[in-house]
Amino acid sequence: RGLAGSLGISRTTVTQSYEQLLSEGYLQAVGGSGTFVSQQLPEELLRPLPVQAALAAAQAGRRPIQFSTYGSSLQAADPFVAQTPDSLISFRYGRPALDQIPLKQWRRLWSRHCRLEHPDLFDYTLDPLGYRPLREAIVRCLSRSRAMQCDPDQVIIINEPLQGIDLVTRVLVERGDGVALENPSFSDIHCLFRAQGARLWPVAVDEAGLVVEQLPLSESARIRLVYVTPSHQFPTGVVLSLARRLELLAWASASGAIILEDDYDSEYRYGGPPIPALQGLDRNDCVVYVGSFMEALFPALRLGYLVVPRPLVEVLARARWFTDRQSPLLEQRVLTDFINEGHLERHVRRMRRLYDQRRQSLIQALSGYLGNRVSLLGENAGMHLTIRLHTTLSDEELVRRAAQVGVGLVHTRWCYLGANCPGEFLLGYADLNPPQIQEGVRRLAQVLAEAAVS
């Protein structure tokens, strides 16, 4: 009261000021005595050490941070590599035609659910498997388009395929266990398995897909997982034949291993209907199917799913719950309506026609500008084309020279475990229009021609 009177301010202001100083450590209250200035002010704790103490601390050095086994594995992994530098024409793979996103329908459905103002849209989910109506819609789609046999209780909603693969690996693979995978394959997959302490068992890929006879049957090999992309092998583009599919399922059943089927862009097949999923042939609970909507819609939609055998549902649901509680419920509801109202199926049909045209434009440009200096690999499917260039330039030098003329290239050397195939490149075409494709190939041909002359 005295301070308030002397300063001519409200007692409330003085009281709040005292409370602020007490909370920040400038004052201390002593019961029965009063309020006093603290013996050690906060600023004193932030002052530099005396010179002698600072020198001693510098000489001793800070103890290094100790990583876990998992952290050490990540530290030793290959560095992150951007797909392409900033280029005027980037043949970046895995990127859909972003200017073709059906934003009108998506925005309308989004607004519909926001207007409903359901409080549970912003709450924790009660279902560890994900929004059930979305799982039901996914099952209907997979049954119709991929010939899969499953029910909603076998579907787990995830944020993206790598998260699902990571969960399966954590649950099934001990450090030192073997994981077989196609060679070549996604480089991120190599790092993920290594970080879990798995021994990688590379298996060759030929024109019929994974060479199953290279998989060991002995228990001593301890192969717990086999990672495959059977509908459109990455990066070669070949399709796993029916005979190899049946052979792989028989091997998994006999060895007790689980097959991880990554179906990353199966929607886009241009020479016929989509290839039925490997999971649809499984009769012995051997296959975990991984799918997403990133290629069909847009990468920012962080929604994917696992279709898992019944014995794995509970443990994988718990693993999902403890590592990432849930995917956004609002997006799940919007996507459910987007599927049920037929927008997804119509969009995929439209994109299939568009991507087929762009693929044909790329093939024609390669044939016209490069002729016998290029070989095309893989099937008539997907969102990228794998090529082999016949040149004396190293992969790195070719990428560098292409970047100088505004063309972004991605070589496949990061996909191989062991020896790679020089001159092999991925050309993504989904997000490029025909004039861009033509001009990009023309510039690439110019680079090769200049290299041949020099």
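Coordinates for the structure precede this section.
Keep in mind it's a predicted model, so treat the numbers as computed, not measured.

Colleague: What should I look at first to understand the pairing of strand β10 (residues 287–292) in this one?
Modeller: Remember that side chains alternate between the two faces of the sheet whenever the strand is regular. For β10, the buried fraction is high: 6 of the 6 residues fall into the buried class. By the alternation rule, side chains of β10 split into V287, Y289 and G291 and V288, V290 and S292, which are all buried. In the sheet, strand β9 (residues 258–262) pairs with β10 via 4 bridges, with the strands oriented parallel. Bridged to I259 within β10 is V287. Sheet topology places β10 next to strand β11 (residues 304–307); 4 bridges connect them, and they run antiparallel. Looking at the pairing, V290 lines up with L306 of β11.

Colleague: It is not clear to me how unusual backbone geometry should be interpreted in this structure. Could you clarify?
Modeller: Of note, the amide linkage connecting N183 to P184 takes the cis form, showing an omega dihedral of 15 degrees. In this structure, P184 sits in the loop between β5 (178–183) and α9 (187–195). That bond from F234 to P235 is cis: its omega, 5 degrees, falls within 30 degrees of zero. Along the chain, the position of P235 falls in the loop between β8 (223–228) and α10 (242–255). Of note in this structure, A147 is not a glycine but carries a positive phi near 55 degrees.

Colleague: What is the right way to look at helix α15 (residues 434–453) in this model?
Modeller: Owing to its 3.6 residues per turn, the α-helix brings residues three or four apart onto one side. Taking 1.5 Å of rise per residue, 20 residues should cover 28 Å, and α15 covers 29 Å from first to last C-alpha, within 8% of that figure. Looking at α15, one finds that the buried residues are I437, G440, V441, R443, L444, A445, V447, L448 and A451.

Colleague: Please explain the sheet that holds strand β7 (residues 209–210) as it appears in this structure.
Modeller: The strands that make up a sheet pair up through hydrogen bonds in the backbone, lying either parallel or antiparallel. Pairing in this open sheet of 8 strands is mixed, and the strands run β4-β11-β10-β9-β8-β5-β6-β7 from one edge to the other. Bordering the open sheet on either side are β4 (155–158) and β7, each of which pairs with just one other strand. The sheet contacts of helix α7 (residues 132–145) involve β4, β10 and β11, and relative to β4 the element is tilted by about 110 degrees.

The rules behind these values
- Residues numbered from 1 in each chain as written.
- Predicted model: local features only at pLDDT ≥ 70, side-chain atom pairs only at ≥ 80, totals over all residues.
- Heavy atoms only, no water.
- Buried < 20%, exposed > 50% of the residue type's maximum accessible area, 1.4 Å probe, protein only.
- Helix = DSSP H or I, 4+ residues; strand = E, 2+ residues; numbered from the N terminus.
- Pairing = 2+ DSSP bridges.
- Expected span 1.5 Å × (residues − 1).
- Contact = heavy atoms within 4.5 Å.
- Axes fitted to C-alpha atoms, helices over the stretch in contact; angles between N-to-C directions.

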